[in-house]
Amino acid sequence: MYVVATAGHVDHGKSTLVRALTGTDPDRLEEEKRRGLSIRLGYCWTRLDGVGDVAFVDVPGHERFLTTTLAGVGPVPVALFVVAADDPWMPQAAEHLAALDALGVRHGLLVVTRADLADPAPALARAVDELSRTSLAGIRSVVCSGRTGAGLDDLRRELTAVLRDVAPPDPGADVRLWVDREFHVRGTGTVVTGTLQAGTLRVGDRLLLDDHPVRVRGLECLGEQVPRASGVARVAVALADRPADQGPGRVLVTPDAYDAVELADVRVTGGGRLPERPLLHVGATFLSVHARPLGGGLARLRLEHPLPLRVGDRALLRDPGDRSLWGVEVLDVDPPALRRRGSGARRAAVLDTLDGTLAPELAARGLVHRPGLRRRGIPTGPVPGDALVHGDWIVSGRETRRLRDALAALVDASTAGVTKHEAAQRLGLPHAGLVEALVAPPLREVAGRVTRGDDLPDRLVAAVAALRDDLAESPFAAPDADRLGRLGLEPAGLARLAREGRVLRLRDNVVLLPGADDVAVQRLGELEQPFTTSQARQALVTSRRVALPLLEHLDRTGRTVRLPDDRRRVR
Ligand SMILES: Nc1nc2c(ncn2[C@@H]2O[C@H](COP(=O)(O)OP(=O)(O)OP(=O)(O)O)[C@@H](O)[C@H]2O)c(=O)[nH]1
Ligand SMILES: [Mg+2]
């Protein structure tokens, strides 16, 4: 199926053309018929040879209904741009064209209608010229009359040619249906309608309507019940589990596929200076936003309530006061906080590099997670050659180097390395597995600890790690010979560790961690001076086997003085 939205000034003949093409009057309200004016969106469809089903979303042209018009064209990829031969270029023609241009609509057909009333050539020339400065530049055009039917066959043929150029969207894409109507059907319950842009809806699907879980109980496409529908399509979705106390639904999405976005950094095009509180029109909905210009055509938008936005989304900003319009392209839906002065300009410089691909996104963030990328609408590849990949995590080359340096500094500041969890925490990494991935020579990981590898054998690194655990609580409870044996610390190994400053060796098989002597001096300094060996042993919570060589070590290194009566004092 294809979906086409009309656009054009009030009374220029949009609805008349849709009726002529489909045999159905898109103006169904009594008031619409009486006033000869569209007020709501109209929905009709037909079949065109060569392309099949074509659904129309007929929009109102009156300036008062612009919000409805924007809801109609917002999610639709193809425009039927209608201009009256007898009433060339008018304000809402310009306004609708600006909206289509801002949304980046590239597919469309220009129709000059009411050709039975005036020479269509001037209207056609003017419209072609106006379109030439927009995303619709160079589209096909046709002249016809909705009243006499002249030129309608040309219109069908040209529209067929236009639609043949529209690439079909991915049926496997996540669903995001912007709701343009919601109503209650007796016996069925809540029904929402919209233009499904991509992806597939199936009866039985569990989705989220705004934040609330709902189930698809029935699906209707062009007036018929269907078990499934893939975009692009006009769909009516009957929902089960719709909470009664909820406001009108805005958007129906695949669960977990989108972030609930309240802050978005965007590129803004057209118009003059942004007001502080413009309206953001996106999909078929609109809401108030706070706009903070970042300079260089970039801005940060704070949304009044969260929406499932993605990078690359096109939307409109509007100042309802003076009817100005701006185009918006979403660059980042998870931007960092801006605190310090001047951070806006720095942020703008980063935003200028973002183009919806992975490489600049990775460069800007340093570290990304594939599920997060998918939710934000950014491709998860190709991964730049210098990046580090660990499971779903990707770290940029530059951030990898920075983290490796920081990890090395952490290790160097420790006595026997750091655990992965400790390192992850200190480096601000979201996952300890990343530490493992960052370990590269001269660092290495042994028994869950990252240490400086040098050329120490694994068993000695592991033994030091175990020793550290042993001594964590009681730093003077030196392991006995038995424990040293179990750790594989034979005299040669101990000698080497002592030489490299990884242990403090007081006697052949009395070892503590480096720095234990400093702790001892501090504790002994708190005793009444001078103190006996027994008092020292109690203060350090240790045995004579450790206390004696430790005190001798302190004497030798000049930190305690041994008195003639065998008592000591701290220097
Ligand atoms: N003579 C003539 N009249 C037309 C033609 N097309 C539309 N009209 C008349 O123009 C008036 C407006 O037509 P609509 O089709 O309602 O115009 P519209 O663009 O849908 O208007 P809005 O929805 O209000 O923006 C109606 O009275 C139509 O009968 C045409 O080709 N020739
Ligand atoms: Mg109309």
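Residues numbered from 1 in each chain as written. Chains lettered and ligands numbered in written order. Predicted model: local features only at pLDDT ≥ 70, side-chain atom pairs only at ≥ 80, totals over all residues. Heavy atoms only, no water.

Novice: How do you make sense of the pattern of salt bridges when you look at a structure like this?
Specialist: Any two side chains of opposite charge can pair, on the condition that their charged atoms come close. Scanning all chains against the criterion turns up 41 salt bridges. Residues E95 and R323 are paired through a salt bridge, measuring 2.8 Å at the closest nitrogen-oxygen approach. In this pair, E95 is assigned in helix α4 (residues 91–103) and R323 in the loop between β20 (314–319) and β21 (324–332), connecting sequence segments 228 residues apart. R323 gets classed as partly exposed once you look at its relative accessible area, which sits at 28%. Measuring nitrogen to oxygen at the nearest pair gives 2.8 Å for the salt bridge that ties D555 to R568. Of this pair, D555 sits in helix α18 (residues 544–556) while R568 is found in strand β31 (residues 568–570), placing the two residues 13 residues apart along the sequence. According to the relative accessible area criterion, R568 is buried, its value standing at 4%. Among the ionic contacts, a cluster of salt bridges with common partners joins D265, R300, D332, D334, R347, E361, R365 and R376. (Salt bridge = Lys/Arg side-chain N within 4 Å of Asp/Glu carboxyl O. Helix = DSSP H or I, 4+ residues; strand = E, 2+ residues; numbered from the N terminus. Buried < 20%, exposed > 50% of the residue type's maximum accessible area, 1.4 Å probe, protein only.)

Novice: Would you explain the packing of helix α10 (residues 397–412) against helix α11 (residues 420–427) in this entry?
Specialist: Any two packed helices are characterised by the angle at which their axes cross and by the distance between the axes. In contact at an axis separation of 11 Å, α10 and α11 are set at 120° when each is read in the N-to-C sense. The orientation of α10 relative to α11 falls into the category oblique. Remark: the crossing between α10 and α11 carries right-handed chirality. Where α10 approaches α11, its residues L403, A406, L407 and L410 are matched on the opposing element by A423, R426 and L427. (Axes fitted to C-alpha atoms, helices over the stretch in contact; angles between N-to-C directions. Parallel < 35°, antiparallel > 145°, perpendicular 65-115°, else oblique. Left-handed = near helix turned anticlockwise from the far one by under 90°. Contact = heavy atoms within 4.5 Å.)

Novice: Explanation requested: the coordination of the magnesium ion (ligand 2) in the structure shown.
Specialist: Under perfect tetrahedral coordination by four donors, a metal shows angles of 109.5 degrees; under perfect octahedral coordination by six donors, it shows angles of 90 or 180 degrees. The magnesium ion (ligand 2) binds to the protein through S15 (OG) and S38 (OG), with metal-donor distances spanning 2.0 Å. On the criterion of sequence distance, the pair formed by S15 in helix α1 (residues 14–22) and S38 in the loop between α2 (30–35) and β2 (42–48) is long-range, its members being 23 residues apart. Taken as a pair, S15 and S38 share a single burial class, namely buried. (Donors = N, O, S within 2.8 Å, 3.2 Å for Na, K, Ca; no water.)

Novice: What is the right way to read unusual backbone geometry from this model?
Specialist: Leaving glycine out, the prevailing phi sign among residues is negative, and the prevailing peptide bond configuration is trans. A cis amide bond links G381 to the next residue, P382, at an omega of -5°. As for its placement among the helices and strands, P382 is situated in the loop between α9 (370–376) and β23 (388–390). The omega angle of the peptide bond from Q529 to P530 is -10°, so this bond is cis rather than trans. By the element assignment, P530 lies in the loop between α16 (516–525) and α17 (533–539). Even without being glycine, D11 reaches a positive phi, approximately 70°. By the element assignment, D11 lies in the loop between β1 (2–7) and α1.

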